[in-house]
Amino acid sequence: MTTRYLTWLLAIPAISALVVLLLPRGWEKTIKRFSIGAMLVELVISIRLILADYSDAGYHFVEHVAWVESFGISYKVGIDGLSLWLVILTTLLSPIALYASWGSITTRIKEYAFSFLLLELGMLGAFVALDLFLFYVFWELMLVPMYLIIGVWGGKDRVYAAVKFFLYTMVGSLLMLVAILYLVASYEKLAGHYSFDLQELSTLVLPALPQYLLFAAFALAFAIKVPMFPFHTWLPDAHVQAPTGGSVILAAVLLKLGIYGFIRFAMPLFPVASQAIGPVLAGLGVFGIIYGAYAAWVQRDLKKLVAYSSVSHMGFILLGLFAMNRNGISGAILQMINHGISTGALFLLVGVIYDRRHSRLLDDFGGLAKVMPWYTLFFVIITLSSIGLPGTNGFVGEFMILAGSFLSRTSIGFGSSWFIMTLLATTGVIFAAVYMLHAVLRIFWGKVVHTENEALTDLNRREVASLLPLIVMVFWIGLYPKFFLDKMNPAVDAFVTDFTVRYEEGLRTGEPRLVDFDKLTQGFDAPDGLALARPTNEEAQR
Amino acid sequence: MSALMGVSPLLLLVAAGLAIMLVDAFSDERTELALVTAASLFVVAGLAGVMLVGEVPATPEVVTRYLAVDRLGLFFDVVICVGAGLSALLAGGYLREHGLERGEFYVLIIFTAFGAMVLARAVDLLSIFLGLETMSLGAYALVAYRRTSARAVEGAVKYFLLGSFAAAILLFGSALLYGATGHTDLAGIQQVVAAGEADATLAVLALVMLIVGLAFKLGAVPFHMWVPDAYEGAVTPVTTFMSVGVKAAAVAVLVRVLVGGFGDPASMGLYTGWTPVILLLAVATMVYGNLAALAQTSVKRMLAYSSVAHAGYILVGLAAVHEVGSFAVSSVLYYIAAYTVSNVLAFGSLILMGSKGKEAVSYDDLAGAGRRHPMAAFPFAIGVLSLLGMPPTAGFFGKYYVFSAAVQAGGPMIWVAVIGVLASAVGAYYYLKVIVYLFMREPQEDQPIAVPMQSLYVTVALVLAGYYVVKMGVTPSRYLDWAVSAASSLVG
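Residues numbered from 1 in each chain as written. Chains lettered and ligands numbered in written order. Predicted model: local features only at pLDDT ≥ 70, side-chain atom pairs only at ≥ 80, totals over all residues.

Colleague: Summarise helix 5 (residues 103-121) of chain B; cite the residues concerned and give the values.
Modeller: If you check helix 5 of chain B, its first and last C-alpha atoms are 28 Å apart, about what 19 residues at 1.5 Å a residue would give, namely 27 Å. Buried residues dominate helix 5 of chain B, accounting for 17 of its 19 residues. (Helix = DSSP H or I, 4+ residues; strand = E, 2+ residues; numbered from the N terminus. Expected span 1.5 Å × (residues − 1). Buried ≥ 20, exposed ≤ 12 C-beta atoms within 10 Å, placed from the backbone.)

Colleague: Hey, could you go over the nonpolar core for me, with residue numbers and the actual values?
Modeller: Ranked by size, the top nonpolar core spans 419 residues in total, and within it V143 and A249 of chain B carry the most contacts. Not counting chain neighbours up to four residues away, the residues in contact with V143 of chain B comprise A152, G155, A156, Y159, A230, G233, A234 and V238 of chain B. (Core = buried A, V, L, I, M, F, W, Y, C linked by C-beta atoms within 7 Å. Contact = placed C-beta atoms within 7 Å.)

Colleague: Report on the confidence of the model for chain A, specifying residues and quantitative values.
Modeller: Residues and elements named next belong to chain A. Counting all residues, the mean pLDDT for chain A is 85, and 94% of those residues have values of 70 or more. Averaged pLDDT values for the elements of chain A fall to 41 in helix 22 (residues 537-541) and rise to 92 in helix 5 (residues 132-141). Per-residue pLDDT stays below 50 along residues 527-542; that stretch engages in 36 contacts with residues further than four places along the chain or on separate chains. (pLDDT = per-residue confidence, 0-100.)

Colleague: So what's going on with the pairing of strand 2 (residues 73-79) of chain A? Residues and values would help.
Modeller: Residues and elements named next belong to chain A. Among the seven residues of strand 2, five are classified as buried, and the element is accordingly described as predominantly covered. As defined by bridge partners, strand 1 (residues 60-68) adjoins strand 2 across six bridges and the pair is classed as antiparallel. Its bridge partner lying in strand 2, V65 is registered against Y75. In this structure, the hairpin formed by strand 1 and strand 2 is closed by a connection of four residues, where G72 is found at a positive phi of approximately 70°. (Pairing = 2+ DSSP bridges.)

Colleague: A description of unusual backbone geometry should follow, citing residues and the corresponding values.
Modeller: V226 of chain A connects to P227 of chain A through a cis peptide bond whose omega is -15°. A cis geometry characterises the amide bond from P391 of chain B onward to P392 of chain B, with omega recorded as 0°. Position of P392 of chain B relative to the elements: it lies in the loop between helix 19 (374-388) and helix 20 (394-409). A positive phi angle, near 55°, is found at F61 of chain A, a position not held by glycine. Structurally, the position occupied by F61 of chain A is in strand 1. The class of F61 of chain A is buried, set by 20 C-beta atoms lying within 10 Å. The residue M324 of chain A is not glycine, and still its phi comes out positive at about 55°. Checked against the element boundaries, M324 of chain A lands in the loop between helix 13 (302-322) and helix 14 (326-357).

Listed below in structure tokens is the structure:
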């Protein structure tokens, strides 16, 4: 019997959260150390997951136990190349965010650690769940701790931001619940038994209209989480009000769950709808890229600037995702990791300055390069990664996405719009440089205008320790992305092939029916993993 | 199983009620009546539970043709007795703290629960009316229990007047139904109606009147007017009991009349039967209940409206019966069980938040309690999260179940489910408000602060309710099986 790594991955934060709850309030040091320790154990376990062989596309470390048998609800978890790095991202960022928080969070330590552990449980659970019910449970589960983190430890308007965050997400996910129920009910009519198992539900092919409606319900839940324009308005509020640790996790991991939901659930389950609506979502993504960049440019609050830059970056990911080819999707997944690292780090850096000056307004700074040289160095490196300078992680991801999106252009009909979208998205890269460098300029260069800034201390050990792993990742992914791409490529190829088969099967249907896709996929050879947007022969040869 | 065994929970409860009356009459005031009451209710619940799990024949037996001995009845025995028992425990802490303890309270609780159990087992129009009146009389008296309070008296009078009116409508409906079918027992009515031999006009009129009368007891919009006033005026343990035990009995009898009396396809059909009426009630109840709860400043009143809203979700499950039969009935059963423990947890925490002279009523009273008294605030948070339907709690599973029934029923029911989830998203706002005040606000300077009471009774009730809220959410299988087997005694 194999070791139940994934169950441990979920059990440790759950048990630790309970232990923290039982520890006496006064033992602050113990609570701090214990919670960080638990998260480091998580990191170690998750690193073990990398060692598996991902050259085949299937799920690994699968565990399957019936939960509520009469409804076909099961505890089924597993990971593949699509989710592996997202799990690692979660386990890496969680301890960093919590450790960084211990610098600024001074009240209700116990509840904070409890919320963070529960949050980690929810996020990991959502990434590894292969049962729709289980996924939904974890998806909702992470809502409460994040709500508390924003609402209890946040800034001045924290309650407003927390409630807005909660309600936005809740509305989306409740509609998704109805969609899940419909899916399961349709499956039951054909198969004769209930099942929430993703693999079983994947055999169901629905006619076009239900596909559109269900995809819309799923997409709404995920688009709010991403957040895609025009559902992004909760994000700046939540980010600005959340404490540093909360912002880091929100940007680095929670937003990724929206994209992950598209890849894992919405797209494969409803390929016809996804193929038809996908370009529209990609278009909204492109709009988000430019809108986010412009909005970031005019912000005077550094944290809000980073928040809007998130909207912009997530637009890239949507674009790559719906390009529906290997480059685009691999790029989107890689860019998720990149965004997690660089934006997570940016929020940490904003937290550093806020702790010292209790201000995040660009106007309050200037000339910090002289006062805080190390801080400046870190900030500039992360900035360059965020704007996608070659050699850093951002470049690889954005390049792959743009290449993927460009390759989608030649198909007929909507195809020509991909050309324009790619073009517009590329200008987004330039805008990113504009607003980020503009901010760097105002904060670090020039003379020290404000006398309060003269005595600021440089990074302390805690801050360096939490930033350093992220800096390492920036260059690792930037210089040797192969290590990461090799693990995910087989899964991405399989995803694209599978999607193509599903799409063609879906077009053929008038009535709901069950199809054994495993058989269909075998022997199907998508040219170079490029599925629907097939390139001309010339490009395929290259 | 002999008929005597079948009704033994009822007999045992009456015996306990009489004994408590005697004890109260002859003993000094320090007797722990709350404990005795709660213990007897739990024993009855346990007895019913053992019979439910054990060998009950799937086909219902009828005792003296008025009461059914079936799994459905036993299921409601358990739900009602657990609700009443937990309310009695809450009362044990609350009444003592506020100096209101008198023996008749517990006797009233027991006999009201008895009426509710009779109602839940009634399979004849006569026993329905008897059960209803037994239960209601007790409930009227309980609402007016704090007789020096104008609010309580106002609530009780409103409840009594409107309740009597509703009972009269119900009685009139029963008479018409007898005229239309020549039967007073539901099985007989079912036969005549299904065969199409009933006078159609009379039968429809009668059914509408029955639904109106029962919707009143359930507190469904637009027959909910008494709910906020009665719930707010009553002492909180009574409110708790009203919202769980009394409501459960109303659900039970509604299920029995609609599914047991008018369960043929034509009478249930989406376009030919009672389903659209129930759907309309459900939508109005969910939407209005949630919106009205949004506007409240008193937590108790908010919970009253929230209990109206929950009646709406229950009705959604009931409306799905025409398509998915026992699945829908068991979803209703599961929901009411989950709602019972969640609501006890929420009301119980509200009770715990106040102490003598300063009861916690409004949101402001809760401000900052999470910091001052985390152990009292924590169960409150769990309770409202369960009412809101957050996994992994009982409330989530209940909501999932009824909406699942609605979606499986298909057609327009899917859109009702969509309305339902959107309404419950509105609900999220006011439930979260409780958490906001508990954990994210500090009390205003000039306001008196509500100090939580110290009471073993209340603590025990909260621990029990909290345990089941989590248990029914994390490992729901066993309770599902019970609900399914209970539903199977009504619909195959």
